[in-house]
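Each chain is listed here by its residues.
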Amino acid sequence: MAARLAVVAERVTTPDLVIGVDMATAEVRALAMDEYGQVRAESRQPLPPPTSPRPGWSEQDAGSWWPAVAAALAEVTRTVARVGRVVAVSVCATSGTVVALDRHGEPIGPALTYADQRAVAEAEIAQAAGSARWAALGLRVQASFGLPKWAWLVANRGSAVAALGHASDVVVRRLVAGGGGVGGLGGEPVPTDWSHALKSGFDPLRQEWAAEAMEALGIRSDLLSEVRRPTEIAGLVGSDAAADTGLPIGCEVRLGMTDSCASQLAAGAGVGRFVSVLGSTLVLKGGSRDLVVDPSGAVYCHRHPDGWWLPGGASSTGGRALVEGFPGRDPSELDDLAAGHGPATCVTYPLVGRGERFPFVAPEAEGFMLGEPDNEADHIRSVFEGVAFVERLGYERLAELGAVASRSIVVTGGGSRSPVWNRIRATVLGLPLLAMPGASTAWGACMLAAAGSLHPGLTAMTMSPSVEVVRPDPAQSDTMDANYARFRSALADRGWISG
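Cut-offs applied
- Residues numbered from 1 in each chain as written.
- Predicted model: local features only at pLDDT ≥ 70, side-chain atom pairs only at ≥ 80, totals over all residues.
- Heavy atoms only, no water.
- Helix = DSSP H or I, 4+ residues; strand = E, 2+ residues; numbered from the N terminus.
- Buried < 20%, exposed > 50% of the residue type's maximum accessible area, 1.4 Å probe, protein only.
- Contact = heavy atoms within 4.5 Å.
- Lys, Arg positive; Asp, Glu negative; His and termini not counted.
- Charge placed at Lys NZ, Arg CZ, Asp CG, Glu CD.
- Expected span 1.5 Å × (residues − 1).
- Polar contact = N/O pair within 3.5 Å; in protein donor to acceptor, adjacent residues only side chain to side chain.
- Axes fitted to C-alpha atoms, helices over the stretch in contact; angles between N-to-C directions.
- Parallel < 35°, antiparallel > 145°, perpendicular 65-115°, else oblique.
- Nonpolar A, V, L, I, M, F, W, Y, C, P; charged D, E, K, R; others polar.
- Phe/Tyr/Trp six-rings, centres within 6.5 Å; stacked < 30°, edge-to-face > 60°.
- Pairing = 2+ DSSP bridges.
- Core = buried A, V, L, I, M, F, W, Y, C linked by side-chain atoms within 4.5 Å.
- Salt bridge = Lys/Arg side-chain N within 4 Å of Asp/Glu carboxyl O.

**As for the overall build of the chain**
Counting its regular elements, the chain contains 15 helices and 23 strands. The principal-axis extent of the C-alpha atoms belonging to the chain is close to 75 × 60 × 40 Å. Sorting the 499 residues of the chain into buried and exposed places 58% on the buried side. Partitioning the intrachain contacts of the chain with sequence separation of at least 6 by distance along the chain shows that 71% fall at a separation of at least 24. Separation between the mean location of the 42 positive side-chain charges and that of the 53 negative ones in the chain comes to 4 Å.

The following block contains the structure:
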């Protein structure tokens, strides 16, 4: 009797766990969490950096994805083996990173990352063929989208192309191979989600692939996956994946969302609540009951799993400007230099590469600096401010379209770990910020895994990271406003925005 009671007690006290996987560009992160949002384990595994064999191209070894994911999952499952039972996993990845697959579900050649710009002609064809559909969605097809890049892959990867997918799809296929009667390697394609599929030609309003654009691009319908709502079950973990990862056979694999959408969920996405995700790039998203349509295509809407909309956009500026502008420097050193200097004497638009997609669309846009920095600290400070200026311009554009942010804005992503940058951003925006560095893509992926497995849905979540309130610095507000006015004027002079 005592032994039976001990078994029952163990079942009661051993929590069910979920794992969220973030497939970023530089690394894979896996996070294990219980139903109350307590982190039980974490692992990070590096990915090879993208290469650029030609100007405008950005490729990554897609064969590196599964080994990195498997290693991260294996480390996490070893850690939690005596803590609880993993019941679900969800995978989120960068938006616009796509790959061609053979009949076994293996990548054919390198993936084309979100930064790849080779498919300019294909983007123009797709835009023209589906113009009425894109106008209704407020979407303008760009070369960075998955749809034109899929067309390029079909035309250039040969007859071996048996399917087209996103980075998340490659991993989901491996997880469910041979599990739960669902396809995967050597079987029927697994479903994809409507978030990763948005920029690949899926219409979230009509709930269908844009057939007219696919036909114009030469993309056969049999190359496309079924599209389902994020949080739905894609399949169950099979024996091969269980051996590689330590996940239990039969563990649920639930569909994820793009990285920025997942971060927004982690930050408590809701109608009227806006989130800035500052990582390598800057992404702004908010919640709206109605579809927000931007004729310019700078603002577009993902669809929340519960059916409402997530208007926003992704700029090509962000933390990458610091990484590439000041290579090898410790972020805390850059913080100290910026904090000790005060407002910059010059104004910088810290765009890396060519072309901007939000808050305005300008394929010819290039970064610039107005004036010369007094010293390195002045230069660093101007980059911090420049990203904040793009952020303010983004929220102004959203407000023009009727998507007005509430009295405070949530900030997350790696850039939100910088208290100096957060204070600069709050001052430029003139609003308090709710800093949630923990509201990561991996955290949001855990929430997507938990919806239906540990909780009835996303609205019932109790999983939320800690918050720090960051207020504007009134002593610097006037100078920041003046610098922002110079920034806006310079963009208008170049014809990128209206005056």
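**Some words on helix α12 (residues 376-400)**
The end-to-end C-alpha distance of α12 is 36 Å, a good match for the 36 Å that 25 residues give at a rise of 1.5 Å each. Within α12, 20 of the 25 residues are buried, which leaves the element mostly enclosed by the surrounding structure. Residue Asn375 occupies the N-cap position of α12, its side-chain oxygen lying 3.2 Å from the main-chain nitrogen of Ala377. Just beyond α12, the residue with positive phi is Gly402, at close to 95°.

**Topic: the packing of α12 against helix α15 (residues 477-493)**
Interaxial distance between α12 and α15 falls to 10 Å at its minimum, and their mutual angle equals 70°. Relative to α15, the element α12 lies roughly perpendicular. Contacts from Arg381, Glu385, Phe389, Val390, Arg392, Leu393 and Glu396 of α12 reach α15 at Met480, Asp481, Asn483, Tyr484, Phe487, Arg488 and Leu491. For the contact of α12 with α15, a count of residues per class yields seven nonpolar, one polar and six charged.

**Some details on the packing of aromatic side chains**
Taken as a whole and judged by the stated rule, the model has 14 aromatic pairs. Look at Phe274 and Tyr395: their rings are 6.0 Å apart centre to centre, the planes differ by 75°, and that puts the pair in the edge-to-face class. Of this pair, Phe274 sits in strand β15 (residues 274-278) while Tyr395 is found in helix α12, placing the two residues 121 residues apart along the sequence. The same class applies to Phe274 and to Tyr395, which are both buried. An angle of 55° between the planes, with centres 6.1 Å apart, marks the rings of Tyr349 and Trp496 as tilted. Pair noted here: Tyr349 is in strand β19 (residues 347-356) and Trp496 is in the segment after α15, with a separation of 147 residues, a long-range link. Accessibility assignment for this pair places Tyr349 and Trp496 in one class, buried. An aromatic cluster is defined as three or more aromatic residues linked by ring pairs; in this entry it consists of Tyr349, Phe360, Phe368, Phe389, Tyr484, Phe487 and Trp496.

**Quick notes on the pairing of strand β6 (residues 98-101)**
Because side chains alternate across β6, one face comprises the buried residues Val98 and Ala100, and the other comprises Val99 and Leu101, equally buried. Two strands pair when backbone bridges link them, and β6 and strand β8 (residues 163-166) are joined in this way by four bridges, in the antiparallel orientation. Paired with Val98 across the strands is His166, a residue of β8.

**Side note on the pairing of strand β17 (residues 300-303)**
Burial along β17 is two-sided: Tyr300 and His302 facing one way and Cys301 and Arg303 facing the other are all buried. In this structure, β17 lies alongside strand β18 (residues 309-315), joined through four bridges in antiparallel fashion. What sits directly across from Tyr300, in β18, is Gly312. In sequence, β17 turns back onto β18 through a hairpin of five residues, with Gly307 there showing a positive phi of about 105°.

**What to know about the sheet that holds strand β22 (residues 433-435)**
Ordered in space as β17-β18-β16-β15-β21-β22-β23, the seven strands form an open sheet in which the pairing is mixed. Only two strands of the sheet have a single partner each, and these edge strands are β17 and β23 (468-470). Neighbour-to-neighbour, the strand axes of the sheet open up by a mean angle of 30°, direction not taken into account. Taken together, the five bridges between β15 and strand β16 (residues 282-286) define a ladder with antiparallel strand orientation. What sits directly across from Leu278, in β16, is Leu282. Along the sheet, α12 makes contact with β15, β16, β18 and β21 (409-412), crossing β16 at roughly 25°. Along the sheet, helix α13 (residues 419-429) makes contact with β15, β21, β22 and β23, crossing β22 at roughly 155°.

**Regarding the nonpolar core**
The tendency in soluble globular proteins is for nonpolar side chains to be buried side by side. Within the largest apolar cluster, 67 residues are counted, with the highest numbers of intra-cluster contacts made by Val18, Trp134, Leu147, Trp150, Trp209 and Ile219. Here this core takes eight residues from helix α14 (residues 441-450), the largest share from any one element. For Trp209, the contacting residues outside a window of four places in its chain are Arg133, Trp150, Thr192, Ala197, Ser200, Gly201, Phe202, Met214, Leu224, Ser225 and Val227. Core analysis: the second largest hydrophobic core is formed by 52 residues, Ala388, Val428, Ala435 and Trp496 among them.

**Considerations on the pattern of salt bridges**
The full count for this structure, using the stated rule, is 28 salt bridges. In this structure, Glu27 and Arg44 form a salt bridge, with 2.4 Å as the shortest nitrogen-oxygen distance. One end of the pair, Glu27, is in strand β2 (residues 27-34); the other, Arg44, is in strand β3 (residues 39-46), and 17 residues separate them in sequence. Notably, a salt bridge pairs Glu396 with Arg488, separated by 2.9 Å at the nearest N-O pair. Taken as a pair, Glu396 in helix α12 and Arg488 in helix α15 lie far apart in primary sequence, 92 residues in all. Relative accessible area serves as the criterion here: at 25%, Glu396 is assigned to the partly exposed category. Looking at Arg488, the relative accessible area reads 24%, which means it is partly exposed. Residues participating in the shared-partner salt-bridge network are Arg133, Asp203, Arg206, Glu208 and Glu212.

**Details of the sheet that holds β3**
Within the open sheet, the six strands sit side by side as β3-β2-β1-β5-β14-β13. Their pairing is mixed. Two strands in the sheet have a free side with no partner beyond their single neighbour: β3 and β13 (233-236). Going from strand to strand, the sheet's axes swing by 20° on average, the running direction of each strand aside. Set on the sheet, helix α6 (residues 167-176) makes contact with β1 (16-23), β5 (85-93), β13 and β14 (252-254); between it and β5 the angle comes to about 155°.

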